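# Structural overview for review
Okay, here's what each chain looks like letter by letter:
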Amino acid sequence: MIIEAILLGLSTGTYCAMYCGPVLIPFLCGSENPSYKRNAGLVGTFVGARLVMYFILGAVFGGLGLLVQDFFDPALARKLSIYAYILCGAALLMNSLGVRFPWGCEKTNGCKVPKLHRAGNDFVTASLAGLAVGLHICPPLWTAIIRSIFGGNGIPGLFYFIFFYIGTLPYFLPLLGIPFITKRAAIIKQLGKITQLLTSVYFIVFAGLIPLFFGA
């Protein structure tokens, strides 16, 4: 079952990468103080938050077992995706506009939460975006959900999700090389910020609010 879950992740990981690419690439290119270590931390934060959401989905679907097979409405998956677009878009919008979170105070004024100040807004954005992307019930994830149900309830279903997730990770490795590009072409960072802003507007308005209020 473990091998099957990993192979499912490997065989469908390109689909996951296509979901995450429009979020991660502009965000990483326009991030604050780009470096290999910080870039790797942001990628790790994003995929870690995505794993947390997979834990939640795995616990729900694996724990409910056949009840999900009988009653889970695909319309709910679409609604979750709409909310995910809005949440992800809002996080990207705040980051692209430079909106500071409460702990983003200036060093000269002191900061009540210095560790969070050092982390910066990028890590908050990566966390929120990862959680949001994890809400998308894409076809590969749907396949993993159904397979985890038939593979057993509870813990087996939960761990099927984890190994499915591990199988998708190799497709994120090229993102670790983004600082190699941004350090050699400063304009890439500006383009990343602009693209991030445009992507956030598209997510919030066209993929989020319009389908939410005017969808069939």
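From a predicted model like this one, the values you see are computed outputs, not experimental measurements. (Residues numbered from 1 in each chain as written. Predicted model: local features only at pLDDT ≥ 70, side-chain atom pairs only at ≥ 80, totals over all residues. Heavy atoms only, no water.)

### Observations concerning the overall build of the protein chain
Threshold: A run of H or I in DSSP becomes a helix once it reaches four residues, and a run of E becomes a strand once it reaches two; helices and strands are each numbered from the N terminus. For the exposure calls, accessible area comes from a 1.4 Å probe over protein chains only, and a residue counts as buried if that area is under 20% of its type's maximum, exposed if over 50%, partly exposed in between. Residues are treated as being in contact if the distance between any of their heavy atoms lies within 4.5 Å. Working definition of accessibility: Shrake-Rupley area with a 1.4 Å probe, residue cover restricted to the visible protein chains.
Across its full length, the protein chain carries nine helices and zero strands. Starting at the N terminus and walking to the C terminus, you meet the elements of the protein chain as α-α-α-α-α-α-α-α-α. Across the 216 residues in the protein chain, those meeting the buried criterion constitute 42%. In the protein chain, of all internal contacts separated by at least 6 residues, the share reaching a separation of at least 24 is 83%. Accessible area of the protein chain: about 11,100 Å², with a carbon and sulfur share of 73%.

### Section: the packing of aromatic side chains
Condition: Here the aromatic set is Phe, Tyr and Trp, taking the six-membered ring for Trp, and pairing holds for ring centres within 6.5 Å; pairs whose planes are under 30 degrees apart are stacked, those over 60 apart are edge-to-face, and all others are tilted. Here, a charge over a ring is recorded when the distance from Lys NZ or Arg CZ to the ring centre is within 6 Å and its angle to the ring normal is within 35 degrees.
This model, assessed by the stated rule, comprises four aromatic pairs. With 5.5 Å between their ring centres and 40 degrees between their planes, Tyr 15 and Tyr 19 make a pair best called tilted. Of this pair, Tyr 15 and Tyr 19 both sit in helix H1 (residues 2-29), four residues apart, which is roughly one turn of that helix. The class of Tyr 19 is partly exposed, set by a relative accessible area of 25%. In this structure an aromatic cluster arises from ring pairing among Tyr 85, Tyr 202, Phe 203 and Phe 206. In this structure, Arg 184 packs its charged tip against the face of Phe 180, placed 4.0 Å from the ring centre.

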